[in-house]
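Summary of the model geometry
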Amino acid sequence: MKFHNHNLLSLIIFSFLIIAGCNPSNEVAENLPNSEETALNQTIPESENNEDNSVVSEEGQVVEVGNYHLELVTFPENTGVHLDLYLQTGDNHETIPNADVVGDIQLPDGTEKQVTFTYDAQGEHYTADLSDTPSGQYQMKTTVQSEGEVVNGRFSFEL
């Protein structure tokens, strides 16, 4: 019985080697575009509007808090990270332009920094920059003060 199991195992291994030899991986790799070329050749719309005027973002983190819709999008840069915060009403997703927005950020080493977001009227969102950012996991508590209400949102991102 051991003789048959050994022959069967040898036959299976030999079959795999033949199959692998008939399909060289180099030919497959040459026909596939690399990720950099794919990213450069794709046309990505700046925003897509749904019927409810909400902005669709593939990279943003969304938090719904009460009557508010908060979306954080991060962009790594040479000097740190750029933060975009979209602050909208929760029901019809209209932009809220006159809020005070502050982010309390915990860095990967445990230290904390505070950033103040400023409103970008052209982009209809709030922006901030965080410089000297080491690689790792970041936690951010966002405090929004708008029309006498205070709203907190929590986000995390990695660099």
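Scroll up for the structure.
In this convention, every chain numbers its residues from 1, walking through the sequence in written order. Reporting of local features is limited, given that this is a predicted model, to residues whose pLDDT is at least 70; pairs of side-chain atoms are given and counted only at 80 or more, and all residues count toward the totals for whole chains, interfaces and linings. Where side-chain values are given, they derive from all heavy atoms of the structure, hydrogens and water being excluded.

Brief notes about the side chain of Ser146
Tracing the chain through its elements places Ser146 in strand β7 (residues 137-146). Each residue is assigned to one of three classes by its accessible area relative to the maximum for its type, calculated with a 1.4 Å probe on protein chains only: buried under 20%, partly exposed between the two thresholds, exposed over 50%. Given a relative accessible area of 3%, Ser146 falls into the buried group. Apart from the residues within four sequence positions on either side, Ser146 is in contact with Tyr68, Ile96 and Ala99. Runs of H or I in DSSP of at least four residues are treated as helices and runs of E of at least two as strands, each being numbered from the N terminus. Throughout, a contact is declared for two residues whenever any of their heavy atoms are within 4.5 Å.

Brief notes about the nonpolar core
A general trend in soluble globular proteins is that nonpolar side chains are found buried together. With 24 residues, the main nonpolar core has Leu70, Leu83, Leu85, Leu87, Val101, Ile105 and Phe117 as its most contacted residues. Looking at this core, the elements with two or more residues in it are β2 (68-77), β3 (80-89), β4 (100-106), β5 (112-120), β6 (125-131), β7 and β8 (149-158). Sorting elements by how many residues they give to this core places β3 first, with four residues. In contact with Val101, not counting residues within four places along its chain, are Leu85, Leu87, Val115, Thr116, Phe117, Tyr126, Thr142, Thr143 and Val144. In plain words, nonpolar cores are sets of buried Ala, Val, Leu, Ile, Met, Phe, Trp, Tyr and Cys residues tied together by side-chain atoms within 4.5 Å.

Functional significance is not addressed by these values, which are geometric in nature.
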